[in-house]
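So the chains spell out like this:
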Amino acid sequence: MQETPFCLSVGNLLSYSMSDSNSTDFTNPSTFILLGIPGLEGAQVWLSIPFCAMYAIVILGNFTILFIVKREPSLHGPMHYILCMLVVADMVPSTAVVPKILSIFWFNSREINFSACFIQMFCLLSCSLVHSGILVAMAFDRYVAICDPLRYSTTLTNPVVAKIGLALVLRGVMLALPYPFLARRWPYCRTNIIPYTYCKHIAVVKLACADIRLSSYYSLAVAFLVTGVDVFCITMSYTQILRVIFSLPTKDARLKTFGTCGSHFCVILACYIAHLFSALTERFGHNMALHFHVLMNNMYLLVPPMLNPIIYGVRSQQIRDSLLQLFTQKGS
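Residues numbered from 1 in each chain as written. Predicted model: local features only at pLDDT ≥ 70, side-chain atom pairs only at ≥ 80, totals over all residues. Heavy atoms only, no water.

### Looking at helix α3 (residues 78–107)
Piece 1. With 30 residues, α3 extends 44 Å between its outermost C-alpha atoms, agreeing within 8% with the 44 Å of an ideal straight helix rising 1.5 Å per residue.
Piece 2. The axis of α3 is deflected most strongly, by about 30°, at threonine 95, and proline proline 99 appears within four residues downstream.
Piece 3. The positive-phi residue at the C-terminal boundary of α3 is asparagine 108, with phi of around 55°. (Helix = DSSP H or I, 4+ residues; strand = E, 2+ residues; numbered from the N terminus. Expected span 1.5 Å × (residues − 1). Bend = angle between axes of the 7 residues up to and from the residue.)

### Details of the state of the cysteines
Piece 1. Scanning the entire structure with this criterion turns up two disulfides.
Piece 2. Here cysteine 117 pairs with cysteine 199 through a disulfide, and the sulfurs are 2.0 Å apart. Between cysteine 117 and cysteine 199, the S-S dihedral sits near -125°, and the bridge is therefore left-handed. Highlighted residues: cysteine 117 in helix α4 (residues 114–147) and cysteine 199 in the loop between β3 (193–194) and α8 (201–205), separated in sequence by 82 residues. The two residues cysteine 117 and cysteine 199 agree in class, both being buried.
Piece 3. With its sulfur 1.8 Å from that of its partner, cysteine 189 forms a disulfide with cysteine 209. Given an S-S torsion of about 140°, the disulfide between cysteine 189 and cysteine 209 has right-handed geometry. Of this pair, cysteine 189 sits in the loop between α7 (178–185) and β3 while cysteine 209 sits in the loop between α8 and α9 (213–246), and the two are 20 residues apart along the sequence.
Piece 4. On the accessibility criterion, cysteine 209 (24% relative accessible area) is partly exposed.
Piece 5. Regarding the disulfides, the protein chain carries the connectivity 1-3, 2-4 under sequence-order numbering of its bonded cysteines.
Piece 6. There is no disulfide at cysteine 127, and the cysteine sulfur nearest it, in cysteine 123, is 4.3 Å away. (Disulfide = S-S within 2.5 Å. Buried < 20%, exposed > 50% of the residue type's maximum accessible area, 1.4 Å probe, protein only.)

### Description of the sheet that holds strand β1 (residues 31–34)
Piece 1. In space, the three strands of this open sheet follow the order β2-β1-β3, with mixed pairing throughout. Two strands in the sheet have a free side with no partner beyond their single neighbour: β2 (111–113) and β3.
Piece 2. As paired strands, β1 and β3 are joined by two bridges and run parallel to one another. Residue pairing in the sheet places isoleucine 33 in a bridge with isoleucine 193 of β3. (Pairing = 2+ DSSP bridges.)

### Overview of the nonpolar core
Piece 1. Phe32, Leu135, Tyr188, Ile194 and Val204 are the most contacted members of the largest nonpolar core, which totals 76 residues.
Piece 2. No other element matches the 14 residues that α4 contributes to this core.
Piece 3. The next biggest cluster of nonpolar side chains, apart from the first, holds five residues, and it includes Leu129, Ala176, Tyr179 and Val222. (Core = buried A, V, L, I, M, F, W, Y, C linked by side-chain atoms within 4.5 Å.)

### Examining the environment of isoleucine 65
Piece 1. As for its placement among the helices and strands, isoleucine 65 is situated in helix α2 (residues 44–71).
Piece 2. Among the residues examined, isoleucine 65 registers a relative accessible area of 4% and is labelled buried.
Piece 3. It is 8.6 Å that separates the C-alpha atoms of isoleucine 65 and leucine 83, two residues lying 18 residues apart in sequence.
Piece 4. Other than its neighbours up to four places away in sequence, isoleucine 65 contacts Leu83, Val87, Pro309, Tyr312 and Ile319. (Contact = heavy atoms within 4.5 Å.)

### Some remarks on the environment of leucine 307
Piece 1. Note on placement: leucine 307 falls in helix α12 (residues 290–315).
Piece 2. For leucine 307, a relative accessible area of 31% corresponds to the partly exposed category.
Piece 3. C-alpha separation for the pair leucine 307 and glycine 61, spaced 246 residues apart in sequence, amounts to 8.9 Å.

### Notes on the side chain of histidine 131
Piece 1. Tracing the backbone through its elements, the reader meets histidine 131 in helix α4.
Piece 2. Once residues lying within four places of it in the same chain are set aside, the contact partners of histidine 131 are Leu86, Ala89, Asp90, Cys271 and Asn308.

That's the geometry; what it means functionally is another story.
Here's what the structure looks like:
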């Protein structure tokens, strides 16, 4: 059977790592080696330019949203507090990964401490779970605002939003803890080279010289159950929202009402399309080069957090007006 380019790339990397270590008698090494983007080593300095630019947009855009919401009293409400949760959940994974990626590209600093690798893994997974829950909370906020507007102020109070946020953080932490806990249990005695730019869960556990089915089963269970439940809740919310919108008597009323949830809808599309594309290339893209897989995984971490503040800045009139007012005051 002819081997695919993906399998050949991984095989070459493993062969290189085994010859480099000259033995297979180490267990749980003190460091892992992140290869960056295998196959594009010569272009990594140039690749650092878009990576750095996207990360700058992520930090600047999301901090701008936080600053505007804090500064403008009219934005001190449930919808914008939930938006602030989304902003933080966007920035943390990017900040946990991109500085290390840039250090690989610029300084060839490929080593990452054994424990730091699992901390990075936990941070990425927990924030991903929290992010998914926040999208559900935003869908619920829009459902109450459109389908039951008279009870909005009593249903979604600021203390209720704080409790929702705490519950989502606890859910993310509790569900993400088993990932590094299980991965740390496995012996790593073949290689310590990870053919990625960060400590991706599946890339790390595949290096273990043990039966990793427990990690794989848990990962699949969380992916299907949590993502499935969250997508179901969002779908049900928007089904009811669209039912109410289409029952409105005039076209202007329908467009105006749909506009109140347009930003959230765009954020959902940006997040889940990026996630779906990354998952499909991981699952079915065996004929694709390894560097393409790595690039797609990095784009999933950077593109949605970069687009979200742009979407809200363009589509949310309150945020847009506050931003224009801020620049107008500084200009005058």
